[in-house]
Every structure is written in C-alpha cells, then in structure tokens.
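What the coordinates show
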Amino acid sequence: SFVATNLRSLEPGLDAGNLKVASLNVLNYFNTIDNNGSICGPNGNLGCRGADSDVEFERQKAKTVAAIVEMDADIVGLMEIENNGFSTGSAIADLVSAINAIMGEGTYSIVNPGAPIGTDAITVAFIYKPSVVSLNGAAQILDSSNSITDQDGPLFLDTRNRPALVQEFALTENGETLVIGVNHFKSKGSSCDSQGDPDTGDGQGNCNITRTRAAQALSAFISTQFPEKATLIIGDLNAYAKEDPINALEQAGYTNLVNHFGGAEAYSYSFVGQSGYLDHALANASALDKVVDVAEWHINADEPIILDYNVEFKAPVNVTNFYAADAYRMSDHDPVLIALLLEAESLA
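The structure contained in this document is the topic of the report that follows. What you see is a predicted model, and the numbers here were worked out from it, not measured in a lab.

Thresholds applied
- Residues numbered from 1 in each chain as written.
- Predicted model: local features only at pLDDT ≥ 70, side-chain atom pairs only at ≥ 80, totals over all residues.
- Heavy atoms only, no water.
- Salt bridge = Lys/Arg side-chain N within 4 Å of Asp/Glu carboxyl O.
- Helix = DSSP H or I, 4+ residues; strand = E, 2+ residues; numbered from the N terminus.
- Buried < 20%, exposed > 50% of the residue type's maximum accessible area, 1.4 Å probe, protein only.
- Phe/Tyr/Trp six-rings, centres within 6.5 Å; stacked < 30°, edge-to-face > 60°.
- Lys NZ or Arg CZ within 6 Å of the ring centre and 35° of its normal.
- Disulfide = S-S within 2.5 Å.
- Expected span 1.5 Å × (residues − 1).
- Axes fitted to C-alpha atoms, helices over the stretch in contact; angles between N-to-C directions.
- Parallel < 35°, antiparallel > 145°, perpendicular 65-115°, else oblique.
- Left-handed = near helix turned anticlockwise from the far one by under 90°.
- Contact = heavy atoms within 4.5 Å.
- Nonpolar A, V, L, I, M, F, W, Y, C, P; charged D, E, K, R; others polar.
- Pairing = 2+ DSSP bridges.
- Core = buried A, V, L, I, M, F, W, Y, C linked by side-chain atoms within 4.5 Å.
- Polar contact = N/O pair within 3.5 Å; in protein donor to acceptor, adjacent residues only side chain to side chain.
- Patch = residues over 30% accessible without salt bridge, like charges linked within 9 Å, V, L, I, M, F, W, Y side chains within 5 Å.
- Areas by Shrake-Rupley, 256 points an atom, 1.4 Å probe, with all protein chains shown as cover.
- Lys, Arg positive; Asp, Glu negative; His and termini not counted.
- Charge placed at Lys NZ, Arg CZ, Asp CG, Glu CD.

Section: the pattern of salt bridges
Should the charged atoms of two oppositely charged side chains come close, the side chains can pair. If you walk through the whole model with that rule in mind, you get 11 salt bridges. Note that Arg 162 and Asp 120 form a salt bridge whose closest N and O atoms lie 3.2 Å from each other. In this pair, Arg 162 is assigned in strand 9 (residues 162–171) and Asp 120 in the loop between strand 3 (109–110) and strand 4 (122–128), connecting sequence segments 42 residues apart. Classification of Asp 120 by relative accessible area gives partly exposed; the value is 23%. Residues participating in the shared-partner salt-bridge network are Arg 49, Asp 120 and Arg 162.

Let's talk about the packing of aromatic side chains
In total, this model carries 3 aromatic pairs according to the counting rule given. With a centroid separation of 5.5 Å and an interplanar angle of 85°, the aromatic rings of Phe 126 and Phe 169 are classed as edge-to-face. Placement of the pair is Phe 126 in strand 4 and Phe 169 in strand 9, with a sequence separation of 43 residues. The positively charged end of Arg 8 is found above the aromatic ring belonging to Tyr 328, 4.0 Å away from the centroid.

Points about the state of the cysteines
Under the criterion given, the structure shown has 2 disulfides. Across a sulfur-sulfur distance of 2.0 Å, Cys 40 and Cys 48 are joined as a disulfide pair. Every disulfide takes its handedness from the sign of the S-S torsion; for Cys 40 and Cys 48 that torsion is 90°, giving right-handed. Residue Cys 40 is classed as buried on the basis of its relative accessible area, which comes to 1%. For Cys 48, a relative accessible area of 9% puts it in the buried group. There is a disulfide in this structure between Cys 192 and Cys 207, and the S-S distance comes to 2.0 Å.

Structural notes on helix 2 (residues 91–103)
Side chains three or four residues apart in an α-helix point the same way, a direct result of the helix having 3.6 residues per turn. With 13 residues, helix 2 should cover 18 Å at 1.5 Å per step; its first-to-last C-alpha distance of 18 Å lies within 8% of that length. Taken as a whole, helix 2 has its buried residues at Ala 91, Ile 92, Ala 93, Asp 94, Leu 95, Val 96, Ala 98, Ile 99 and Asn 100. Phi turns positive one or two residues past the end of helix 2, at Gly 104, with a value near 120°.

Side note on the packing of helix 1 (residues 54–71) against helix 2
The interhelical angle for the contact between helix 1 and helix 2, taken along N-to-C directions, is 60°, at an axis separation of 10 Å. By the criterion of interaxial angle, the relationship of helix 1 to helix 2 is oblique. Considering the relative orientation of helix 1 and helix 2, their crossing is right-handed. When helix 1 is examined against helix 2, the residues Phe 57, Lys 61, Thr 64, Val 65, Ile 68 and Val 69 are found in contact with a partner set consisting of Asp 94, Leu 95, Ala 98, Ile 99, Ile 102 and Met 103. Its residues assigned to classes, the contact of helix 1 with helix 2 shows 9 nonpolar, 1 polar and 2 charged.

Quick look at the pairing of strand 15 (residues 279–283)
Most of strand 15 is tucked away, with 5 of its 5 residues classed as buried. Pairing analysis gives 5 bridges linking strand 11 (residues 231–236) to strand 15, with the strands arranged antiparallel. The residue bridging Leu 232 from the neighbouring strand is Ala 283, located in strand 15. As paired elements, strand 12 (residues 255–256) and strand 15 share 2 bridges and run antiparallel to each other. The partner of Asn 256 across the bridge, within strand 15, is Leu 282.

Examining the nonpolar core
Leu 19, Val 21, Leu 78, Leu 178, Leu 232 and Ile 338 are the most contacted members of the largest nonpolar core, which totals 65 residues. Discounting chain neighbours no more than four positions away, the residues touching Leu 178 are Leu 19, Val 21, Gln 167, Glu 168, Phe 169, Ala 230, Thr 231, Leu 232, Ala 287, Leu 340 and Leu 342. In this structure, Val 166, Ala 214, Leu 218 and Leu 249 belong to the second largest nonpolar core, which totals 22 residues.

Brief notes about the packing of helix 3 (residues 208–225) against helix 4 (residues 244–251)
The description of two helices packed together rests on the angle between their axes and the distance between the axes. The N-to-C vectors of helix 3 and helix 4 enclose an angle of 20°; their axes lie 8 Å apart at closest approach. Here helix 4 runs roughly parallel to helix 3, going by the angle between their axes. Where helix 3 crosses over helix 4, the two elements pack in a sense that is right-handed. Facing helix 3, whose interface residues are Asn 208, Arg 211, Thr 212, Ala 215, Gln 216 and Ser 219, helix 4 presents Asp 244, Pro 245, Ala 248 and Leu 249. Classifying every residue of the contact of helix 3 with helix 4 gives 4 nonpolar, 4 polar and 2 charged.

Details of the environment of Pro 304
Counting through the fold element by element, Pro 304 comes out in the loop between strand 16 (291–296) and helix 7 (316–321). Along the primary structure Pro 304 and Arg 329 are separated by 25 residues, whereas in three dimensions their C-alpha atoms are 7.2 Å apart.

Some thoughts on the side chain of Asn 300
Relative to the assigned elements, Asn 300 resides in the loop between strand 16 and helix 7. Within polar-contact distance, the side chain of Asn 300 engages the backbone nitrogen of Ser 331 at 3.2 Å.

Looking at a negative patch on the surface
On the surface, Asp 193, Asp 199, Asp 202 and Asp 244 cluster together into a negatively charged patch. Note on placement: Asp 244 falls in helix 4.

Here's the deal with the sheet that holds strand 4
Spatial ordering of the open sheet is given by 3-4-2-1-17-16, a layout of 6 strands whose pairing is mixed. Bordering the open sheet on either side are strand 3 and strand 16, each of which pairs with just one other strand. The pairing of strand 2 (residues 75–82) with strand 4 spans 6 bridges and is classified as antiparallel. Bridge pairing links Glu 82 to Ile 122 in strand 4.

Right, here's the structure in full:
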C-alpha cells in the first residue's frame with residue numbers, strides 16, 4: 001500500500017513582494033566537457049566536472065534552465081558554475097543564453113566582475129533582470145587578499161572557500177537598494193587536517209573552523225564595504241542551521257531567514273537519509289523588515305538520483321524513461337527563494 005504524502009509542487013510557493021531573489025547550486029554546470037583532462041579552471045590546469053559528454057550537457061542544461069525559468073527570480077545567485085569567465089563562450093553565458101531563448105532576449109544579464117573569481121574550477125555568480133534592477137556600483141570580491149586577519153593570518157582562505165561575490169542592486173521602480181553576497185564555503189567532504197582544522201567528532205564535520213572564520217570575515221567585509229546597507233547573505237555555506245558558521249553570522253546581526261519563515265523542519269538537502277539545509281538566506285537588521293517571505297522549492301532533495309541528467313550507471317531504457325527536461329533533480333540542493341518589499345521612504 002503506497003500513499004503519496006509529499007507531492008511535487010509545480011512552482012515555488014512564495015508570497016509576493018516587489019523583488020524576488022533566489023539562491024541555486026547548479027551542481028557543476030560546465031560547458032567544458034569532462035574528458036578526464038586537466039583543462040578546466042581559470043588557469044586551465046584543473047580537472048573538469050559536470051557533464052561527461054555533449055548528450056549529458058544538453059540534458060543538464062535543459063533541467064537547469066527549466067528550474068530558473070520557473071523560479072522567475074529577479075536576481076539569482078549561483079554556485080558551482082564553471083569558473084571560465086563571464087564573456088561569450090563561458091558556462092554562465094551559455095546558461096543565460098538558453099534561459100533568454102525561452103524568456104525573451106535580454107531577460108537576464110550577468111554580473112561581470114571582469115575576471116574569473118578565484119582559482120578553483122567552480123565559482124559563484126549572479127544573474128539578474130535589468131528590467132527590474134540595475135547594478136549600483138562595481139561588484140566586490142572577498143578573498144584572502146582583503147580578508148580581515150588575526151595571528152593565524154587571513155580569516156577567509158580562498159584556497160578552501162570559493163571567494164565571495166558581493167553586489168549592490170537598485171530597484172528600478174523606486175531606486176531602493178539591496179546588497180547581496182553569494183557564497184560557497186568549504187565543503188565537509190575533504191580534510192583540513194593540514195590547516196589544523198580536523199573533524200573533531202562534534203557533528204560539524206571537516207573544516208568547521210575554516211567555514212566559521214570565513215563567516216566572520218564575510219560579515220566584517222560587508223559591513224566595511226557597505227555600511228548601514230540592507231544586506232542578504234545567500235549561498236551554499238556547507239553548514240547546517242545550528243553549526244558555528246551560522247552562529248557566527250547570527251552573532252554579527254544576521255537573521256537566519258529559512259528558520260525564521262520555515263521553522264525547525266525546513267530542509268534543502270538530504271544526505272544518508274537525513275534532511276537539513278546547507279543553503280542559506282540571512283538578512284541583516286536593515287533588510288529583515290523588508291523580507292516578505294522565504295521558501296525552499298523542493299525540486300531536488302526529495303527526488304531520486306536516477307532522474308538526473310547523467311547517463312552512466314543506468315540501463316539504456318532508463319536513460320530515456322526516467323529523464324524529463326524539467327526542473328526535478330536538476331541538482332542535489334533545493335533552491336532558496338526570498339521575496340522582499342523595497343519601499344521608498346516617504347519625504348512627508
């Protein structure tokens with residue numbers, strides 16, 4: 001006897017404001033095919049990730065585009081996109097071109113910081129709707145070179161964490177501004193023992209100190225570069241809600257919006273049968289009263305891996321039967337969406 005108790009949602013359930021922001025881990029969206037050569041990364045010396053063939057890439061692209069089109073966010077922060085620049089021929093340009101082919105030419109533009117971000121094979125990025133928001137100043141990047149330091153050196157290690165990208169946006173309808181930082185902290189999947197940051201067995205996994213110091217550096221960087229500005233921190237922080245990196249951001253004055261709106265049962269990720277969220281949206285005090293709603297769109301965490309774009313390890317009939325060019329299982333992380341109401345202050 002089977003009972004359906006967790007039905008798919010066809011679209012994100014989110015109350016409306018006048019600005020919608022999304023955070024999405026695109027699970028290694030590379031338009032350089034992974035052929036086992038060290039040809040990826042800004043210096044062309046790293047292994048590629050993502051699709052292993054043109055067929056897989058087209059399947060991956062279709063699912064990624066479907067998710068972004070359906071979310072229809074005004075600003076989207078991306079993680080795990082290939083770090084091969086932002087101009088024509090790059091992974092992000094390829095993705096935006098495919099989205100705009102469906103939504104209309106010029107629907108989305110790319111925040112281009114002018115050069116690849118960091119040295120890893122993957123990076124963070126922003127796309128946005130120029131009809132809704134404009135860029136207010138140049139993008140800022142946090143890495144080891146401009147991090148706050150202590151006796152142990154920079155708190156933000158860009159050899160472990162992907163550099164953070166921070167951009168101030170202005171809402172076209174009234175000029176109100178919002179600063180957003182998109183981030184991808186060090187994962188739990190590999191050791192930081194050589195940095196004196198082992199898995200201590202407290203449940204926070206490898207590299208907890210590395211992530212916590214990155215969180216401290218991030219809040220300090222934003223408060224210095226954008227003092228008194230309404231700010232969101234989004235992205236895959238590779239830390240669950242009660243772990244030290246999130247506590248560090250809360251101590252710096254940020255509110256965990258996923259918990260604030262979704263409660264203790266919120267989740268965006270499933271690992272060995274347990275659910276939680278590594279995908280965060282946090283607001284400082286100036287932004288908190290502008291947030292209308294926050295939602296996780298469960299298109300990935302609840303979906304079986306067999307529905308993804310990959311063709312290996314599947315019977316030939318299942319490569320076809322279990323694939324659809326839709327949003328479901330386009331990644332392993334659910335997107336997080338934030339609705340805000342940015343209102344111009346009255347002069348009366």
